Amino acid sequence: MNKITDIVMEVEKLKANQKFTQAIEILEKSIVQYNDDYRLYEELSDIYLFQGELDKALKSINHAMSLNKASATGCYLKGFILLSKDKVSEAIKYLEKSNELLGNNSEVLRNLGWAYTLEGKTQKWIIILKRALNLAPGDELITEDLAMALIGAGEVTEGNNLLKKLGKKIMS
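Residues numbered from 1 in each chain as written. Predicted model: local features only at pLDDT ≥ 70, side-chain atom pairs only at ≥ 80, totals over all residues. Heavy atoms only, no water.

Novice: Describe unusual backbone geometry, and please don't skip the residues or the numbers.
Specialist: Phi is positive for D86, close to 60°, though the residue is something other than glycine. With respect to the helices and strands, the residue D86 is situated in the loop between helix 5 (72-84) and helix 6 (88-102). A positive phi angle is found at N104, which is not glycine, with a value near 65°. One can find N104 in the loop between helix 6 and helix 7 (106-118). (Helix = DSSP H or I, 4+ residues; strand = E, 2+ residues; numbered from the N terminus.)

As structure tokens, then:
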């Protein structure tokens, strides 16, 4: 493994344990030495996003993408951040690009579908969520999103059947 991969793995462990301050400190020190590696900025962006600091997250991901425009993770993070900032049309472009690069990642699809719904394209969201659920059949977030999309589109029985599988209250 190379040094950057080791740093990213260490930061991922810290993030999993919610030790964000330590993770940021490691990233800041590493960026001084490896300021041309986009992965460090992606990690920093991900932490800021988790902490709800959207402007810092966007600044970090923009820098990461200036170093590597073809990063699937970078495109996903930028799309997610833009979606969080209600810039739906812009978000869709990045989420679609991430989906192309990652090849049908269920989490990317879920967020892409949500963006389409915000644009009023509920049927497209349902199709995307069904694909995402096929990729990750046990994912409760995708299942619940699909159930709500189906109910919203008038397919109440199908949506309620999914909610029942999750042990959730059915809608009428």
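Novice: Could you give me a rundown of the packing of helix 7 against helix 8 (residues 122-135), with the residues and numbers involved?
Specialist: Each pair of packed helices can be described by the angle between their axes along with the distance between the axes. Contact geometry of helix 7 with helix 8 gives a least axis separation of 8 Å together with a crossing angle of 170°. In terms of axis orientation, helix 7 runs roughly antiparallel to helix 8. Across the interface between the two elements, S106, L109, R110, L112, G113, W114, Y116 and T117 of helix 7 pack against T122, K124, W125, I128, L129, R131, A132 and L135 of helix 8. Of the residues assigned to the contact of helix 7 with helix 8, the class counts are nine nonpolar, four polar and three charged. (Axes fitted to C-alpha atoms, helices over the stretch in contact; angles between N-to-C directions. Parallel < 35°, antiparallel > 145°, perpendicular 65-115°, else oblique. Contact = heavy atoms within 4.5 Å. Nonpolar A, V, L, I, M, F, W, Y, C, P; charged D, E, K, R; others polar.)

Novice: How would you summarise the side chain of D37 if you had to cite specific residues and measurements?
Specialist: Looking at the element boundaries, D37 is found in the loop between helix 2 (20-33) and helix 3 (38-50). On the accessibility criterion, D37 (13% relative accessible area) is buried. At a separation of 2.7 Å, a polar atom in the side chain of D37 contacts the side chain of R39. Apart from residues lying up to four places away in sequence, D37 is in contact with I4 and L67. (Buried < 20%, exposed > 50% of the residue type's maximum accessible area, 1.4 Å probe, protein only. Polar contact = N/O pair within 3.5 Å; in protein donor to acceptor, adjacent residues only side chain to side chain.)

Novice: Mind laying out the packing of aromatic side chains, listing which residues take part and the relevant values?
Specialist: Following the criterion strictly, the structure yields three aromatic pairs and no others. The interplanar angle of 40° and the centroid separation of 6.1 Å between the aromatic rings of Y76 and F80 together place this pair among those described as tilted. Taken together, the residues Y76 and F80, both in helix 5 and four residues apart, mark about one turn of the helix. For Y76, a relative accessible area of 16% puts it in the buried group. (Phe/Tyr/Trp six-rings, centres within 6.5 Å; stacked < 30°, edge-to-face > 60°.)

Novice: Talk me through the environment of L133; I want residue IDs and the actual numbers.
Specialist: Within the element layout of this structure, L133 appears in helix 8. On a C-alpha basis, the gap between L133 and S106 in space is 7.1 Å, while along the polypeptide they are 27 residues apart. Setting aside residues no more than four positions away along its own chain, L133 makes contact with D139, I142, T143 and L146.

Novice: Hey, could you go over the packing of helix 3 against helix 4 (residues 54-67) for me, with residue numbers and the actual values?
Specialist: Where helix 3 contacts helix 4, the two axes come as close as 8 Å, and the packing angle between them is 165°. It follows that helix 3 is roughly antiparallel to helix 4 by the angle criterion. Helix 3 and helix 4 meet at a crossing whose hand is left-handed. For the pair formed by helix 3 and helix 4, the contact residues are Y38, Y41, E42, L44, S45, Y48 and L49 on the first element and L54, K56, A57, S60, I61, H63, A64 and L67 on the second. (Left-handed = near helix turned anticlockwise from the far one by under 90°.)

Novice: Give a detailed account of helix 10 (residues 156-166), specifying residues and quantitative values.
Specialist: Of all the residues in helix 10, the buried ones are G159, N160, L162 and L163. Down the axis of helix 10, the buried side of the element spans an arc of 155°, and every buried residue falls inside it. Away from the buried face of helix 10 by more than 90 degrees, exposed residues T157, K164 and K165 are located. Contacts made by the buried residues of helix 10 are with helix 9 (140-152). Phi turns positive one or two residues past the end of helix 10, at G167, with a value near 75°. (Arc of directions from axis to C-beta.)

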